[in-house]
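# Understanding the architecture of this molecule
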Amino acid sequence: MRYEFRVTGSVSRAVADEFPELEKATVPPLTLLFGTVTDEAHLYGLLVRFQDLGLHVLEMRRLPD
C-alpha cells in the first residue's frame with residue numbers, strides 16, 4: 001500500500017530523515033511525504049512518529065498501487 005501524508009509547513013531534512021521509508025516533496029505551504037506502508041501497524045507507527053516530532057498531518061490518503 002502506498003500512502004501520502006500532507007504535513008503543514010516545511011519539514012527540515014533532519015526531520016525528514018526520521019522517515020527513511022518515505023520520499024519528500026515540498027509544495028509550499030505543505031510538505032508531502034509518501035511511500036510504501038507495509039501494514040496497519042506500520043501506518044500507526046508512522047502517525048505516532050509524526051506526532052512525536054511535532055508534525056501536523058493535515059491529510060493522509062492511500063495512493064493507487
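Along each chain, residues carry numbers from 1 onward, in the same order as the chain's sequence is written. Note on the predicted model: pLDDT of at least 70 is required for a residue's local features to be given, and 80 or more for side-chain atom pairs to be given and counted; whole-chain, interface and lining totals, by contrast, use all residues. With hydrogens and water set aside, each side-chain value is computed from the structure's full complement of heavy atoms.

## A short note on the overall build of the protein
Here a helix means four or more residues in a row that DSSP labels H or I, a strand means two or more in a row labelled E, and each is numbered from the N terminus. Broken down by element type, the protein carries 2 helices and 4 strands. Starting at the N terminus and walking to the C terminus, you meet the elements of the protein as β-α-β-β-α-β. Put simply, the radius of gyration uses C-alpha atoms, and a globule should come to 2.2 Å times the residue count raised to 0.38. Relative to the compact-globule value of 11 Å for 65 residues, the protein shows a C-alpha radius of gyration of 11 Å, a close match. For the protein, the spread of C-alpha atoms along the principal axes amounts to about 25 × 25 × 20 Å. Looking at the protein as a whole, 32% of its 65 residues are labelled buried. By the convention used here, residues are in contact when the closest approach between their heavy atoms is within 4.5 Å. Counting only contacts in the protein whose residues sit at least 6 apart along the sequence, the fraction spanning at least 24 positions is 67%. Carbon and sulfur atoms form 53% of the exposed surface of the protein, whose accessible area is close to 4100 Å². When the 7 positive and 10 negative side-chain charges of the protein are each reduced to one mean point, those points stand 6 Å apart. A simple rule labels every residue: compare its accessible area, found with a 1.4 Å probe on the protein chains alone, to the largest value its type can have, and call it buried under 20%, exposed over 50%, or partly exposed in between. Each accessible area is a Shrake-Rupley result for a 1.4 Å probe, and residues are judged covered by the shown protein chains and nothing else. For the charge count, each Lys or Arg is scored as positive and each Asp or Glu as negative, with His and the chain ends excluded. Positions of charges follow a simple convention, taking NZ of Lys, CZ of Arg, CG of Asp or CD of Glu.

## Observations regarding the environment of T8
Position of T8 relative to the elements: it lies in strand β1 (residues 2-8). You can call T8 partly exposed: its relative accessible area is 33%. Separated by 23 residues in the primary sequence, T8 and T31 place their C-alpha atoms 6.4 Å from one another. For T8, the residues in contact, after removing those within four places along its chain, are P29, L30, H56 and L58.

## Brief notes about helix α2 (residues 40-52)
Given a helix with a known number of residues, its expected span is that number minus one, times 1.5 Å. Compared with the 18 Å implied by 1.5 Å per residue over 13 residues, the 18 Å span of α2 between its first and last C-alpha is a close match. Those residues of α2 that fall on the buried side of the exposure criterion are H42, L43, L46 and F50. Each buried residue of α2 lies within a common arc of 105 degrees when the element is viewed along its axis, so the set occupies one face. In α2, the exposed residues that point more than 90 degrees away from the buried face are E40, A41, Y44, Q51 and D52. Residues of α2 that are buried sit in contact with β1, β3 (30-36) and β4 (57-63). Here a polar contact is recorded for every N or O atom pair within 3.5 Å, except that within protein the pair must consist of a potential hydrogen donor and a potential acceptor, and residues adjacent in sequence are included only if both atoms are side-chain atoms. At the N-terminal end of α2, a side-chain oxygen is found 3.3 Å from the backbone nitrogen of A41, two or three residues along, and the residue is D39. Directions drawn from the helix axis to the C-beta atoms are what define this arc.

## Re the sheet that holds β4
The pairing criterion for strands is at least two bridges between them, as found by DSSP. Read from one edge to the other, the open sheet built from 4 strands follows the order β2-β3-β1-β4, with strand pairing classed as antiparallel. Whereas interior strands pair on both sides, the edge strands pair on one side only; in this sheet they are β2 (23-27) and β4. When the angles between neighbouring strand axes are averaged without regard to direction, this sheet yields 20 degrees. The angle between two axes is taken between their N-to-C directions and runs from 0 to 180 degrees, where each axis is a line fitted to C-alpha atoms and a helix contributes only its stretch in contact. Packing of α2 onto the sheet brings it into contact with β1, β3 and β4, and relative to β1 it is tilted by some 15 degrees.

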